[in-house]
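Okay, here's what each chain looks like letter by letter:
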Amino acid sequence: QVQLVESGGGLVQAGGSLRLSCAASGRTFSPYGMGWFRQAPGKEREFVASIVGSIRTRYGDSVKGRFTISRDNAKNTVDLQMNNLKPEDTAVYYCAVSRSIYYYGGSENEYAYWGQGTQVTVSS
């Protein structure tokens, strides 16, 4: 039973910060990439950030310099620190685990497991 549970979403003013956390259970995901995606109503799911091995990271262009992804392999969690939030960051944020080891790209199709999402709302 593989489960991913996101937490930490909420309502924040523009310029504020939130920290999202994703807890994985059912297996260890240490060799797999873990990523964050987001989806706003009426829009396609968008790649946000990913990490593999707690070393290599990548970010979507819209969040570079503002978001930081990190991983705690001992706890099987991945976090997303979001700073300087903007209204356009409003979306449901999902964490995901890649289907292949070492993959940490931005292709949604390459992620096998998904959490239920956590809502992030940024007000003006």
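Given the structure is predicted, the values throughout are model-derived calculations rather than measurements.

Novice: Any chance you could explain the sheet that holds strand 3 (residues 18-25) here in plain terms?
Specialist: The strands that make up a sheet are held in pairs by hydrogen bonds between backbone atoms, and each pair lies either parallel or antiparallel. Spatial strand order, 1-3-8-7: four strands in an open sheet with antiparallel pairing. One side of each edge strand has no neighbouring strand; the edge strands of this open sheet are strand 1 (3-7) and strand 7 (67-72). Put simply, the sheet's adjacent strands are angled 15° from each other on average, direction ignored.

Novice: Looking at this structure, how should I read the pairing of strand 3?
Specialist: Put simply, side chains in a regular strand alternate between the two faces of the sheet. Across the two faces of strand 3 the burial differs, with Leu18, Leu20, Cys22 and Ala24 buried and Arg19, Ser21, Ala23 and Ser25 not buried at all. Where strand 1 lies against strand 3, five bridges are found, and the strand directions are antiparallel. Counted as the bridge partner of Ser7 is Ser21 from strand 3. Relative to strand 8 (residues 77-82), strand 3 is paired through six bridges, and the arrangement is antiparallel. By the bridge assignment, Leu18 is partnered in strand 8 with Met82.

Parameters and conventions
- Residues numbered from 1 in each chain as written.
- Predicted model: local features only at pLDDT ≥ 70, side-chain atom pairs only at ≥ 80, totals over all residues.
- Heavy atoms only, no water.
- Pairing = 2+ DSSP bridges.
- Helix = DSSP H or I, 4+ residues; strand = E, 2+ residues; numbered from the N terminus.
- Axes fitted to C-alpha atoms, helices over the stretch in contact; angles between N-to-C directions.
- Buried < 20%, exposed > 50% of the residue type's maximum accessible area, 1.4 Å probe, protein only.

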